[in-house]
Amino acid sequence: MLINTANSPLSTDSHVSKVIQAYREELEAAFNRGIHASRSGLDPIVQQRLASTVTGLVIAAFALVRIAPAQARTLLQDAKTLVACER
């Protein structure tokens, strides 16, 4: 729901905007920790870039899931593939 709010007039409210940004940062940090836990030997710069990319794919999937569920599913599969392939 927060991701959908980012595209609405509510996003111009500074408090709402900060909450959405904090959620995105929290999501990216969680992916970063997960990638680090499963791939501790990965270069930190690559790890961060991978976490950022996965976060973007997941957020895009959240935004698309109601109108294009197949595309949202593909984005999530792509994120999973990126994490698995970056070895």
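Residues numbered from 1 in each chain as written. Predicted model: local features only at pLDDT ≥ 70, side-chain atom pairs only at ≥ 80, totals over all residues. Heavy atoms only, no water.

A. Layout of the nonpolar core. Counting residues in each nonpolar core, the largest one holds 13 residues, and the members touching the most others are I35, L50 and V54. The element that contributes the greatest number of residues to this core is helix α3 (residues 44–64), accounting for seven residues. Apart from the residues within four sequence positions on either side, V54 is in contact with F31, A79 and V83. (Core = buried A, V, L, I, M, F, W, Y, C linked by side-chain atoms within 4.5 Å. Buried < 20%, exposed > 50% of the residue type's maximum accessible area, 1.4 Å probe, protein only. Helix = DSSP H or I, 4+ residues; strand = E, 2+ residues; numbered from the N terminus. Contact = heavy atoms within 4.5 Å.)

B. α3, seen in detail. Taking 1.5 Å per residue, 21 residues should reach 30 Å; α3 reaches 30 Å between its end C-alpha atoms and fits that length. Within α3 the residues assigned to the buried category are Q47, L50, A51, V54, T55, L57, V58, I59 and A61. The backbone nitrogen of I45 lies 2.8 Å from a side-chain oxygen of the residue at the head of α3, namely D43. (Expected span 1.5 Å × (residues − 1). Polar contact = N/O pair within 3.5 Å; in protein donor to acceptor, adjacent residues only side chain to side chain.)

C. View of the side chain of T55. Tracing the backbone through its elements, the reader meets T55 in helix α3. Apart from the residues within four sequence positions on either side, T55 is in contact with R24, L27, E28 and F31.

D. Geometry of the pattern of salt bridges. In total, this model carries one salt bridge according to the counting rule given. In this structure, R24 engages E28 in a salt bridge whose closest nitrogen and oxygen atoms are separated by 2.6 Å. Taken together, the positions of R24 and E28, both in helix α2 (residues 14–38) and four residues apart, correspond to about one turn of that helix. Relative accessible area serves as the criterion here: at 13%, E28 is assigned to the buried category. (Salt bridge = Lys/Arg side-chain N within 4 Å of Asp/Glu carboxyl O.)

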